[in-house]
Amino acid sequence: MARPATARFELLHRDGRRLLLRGRFQLASLVGMPFGEDLVAVVADDDRCKNAVTQRVGSLEYRSSGRNAFVLIVGGQRCPVLGFARPPPPARDAP
């Protein structure tokens, strides 16, 4: 059974193969990512995920079985989440 929740994010990086989306992915806590409040979702840079480049809100869906446990739904397109990562720490000012 799918379990959805709102996801809010912004494009952090794009390299032609992957998109890194930084934001709130609360359902990631289901797989041990604490709180899901500030995470990076890794998705493919392809037609399935093209709406994630321009839109900042979608629905994150979790399924306990199947090939992709998490799918980000943005603008009606289903974008499989390849993984989650913690964001880089804030840059420190040089002394």
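Let us look at the structure shown here. Because the structure is predicted, anything quoted here is derived from the model rather than measured. (Residues numbered from 1 in each chain as written. Predicted model: local features only at pLDDT ≥ 70, side-chain atom pairs only at ≥ 80, totals over all residues. Heavy atoms only, no water.)

**Let's talk about the state of the cysteines**
What counts, and what does not: Sulfur atoms of two cysteines make up a disulfide when they are within 2.5 Å. The way it works is that DSSP assigns letters per residue, a run of H or I at least four long becomes a helix, a run of E at least two long becomes a strand, and they are numbered from the N terminus. The rule is simple: take the accessible area with a 1.4 Å probe, protein chains only, and divide by the maximum for that residue type; under 20% is buried, over 50% is exposed, in between is partly exposed.
Applying the stated rule across the entire model yields 1 disulfide. What pairs with cysteine 49 in a disulfide is cysteine 79, and their sulfur atoms sit 2.0 Å apart. Between cysteine 49 and cysteine 79, the disulfide has an S-S torsion of 100° and is therefore right-handed. On the criterion of sequence distance, the pair formed by cysteine 49 in the loop between strand E3 (39–44) and helix H1 (51–54) and cysteine 79 in strand E6 (residues 77–85) is long-range, its members being 30 residues apart. The residues cysteine 49 and cysteine 79 share a single accessibility class, namely buried.

**Notes on the pattern of salt bridges**
Rules: For this document, the term salt bridge refers to a Lys or Arg side-chain nitrogen within 4 Å of an Asp or Glu carboxyl oxygen.
In the structure shown here, the tally under the stated rule is 7 salt bridges. Arginine 24 is paired through a salt bridge with glutamate 37; the nearest N and O atoms lie 3.3 Å apart. With arginine 24 in strand E2 (residues 18–24) and glutamate 37 in the loop between E2 and E3, this residue pair connects regions lying 13 residues apart in the sequence. With its nearest N and O atoms 3.2 Å apart, the salt bridge here joins glutamate 61 to arginine 63. What makes arginine 63 partly exposed here is its relative accessible area of 35%. Because the salt bridges share partners, they merge into one network encompassing Glu61, Arg63 and Arg78.

**Observations concerning the pairing of strand E4 (residues 57–62)**
The condition is simple: Only strands joined by at least two bridges in the DSSP assignment are considered to pair.
Where strand E1 (residues 3–14) and E4 come together, 6 bridges link them in antiparallel fashion. Bridge pairing in E4 links proline 4 to glutamate 61. As paired elements, E4 and strand E5 (residues 70–74) share 4 bridges and run antiparallel to each other. Bridge assignment links glutamate 61 to a residue of E5, and that residue is valine 71.

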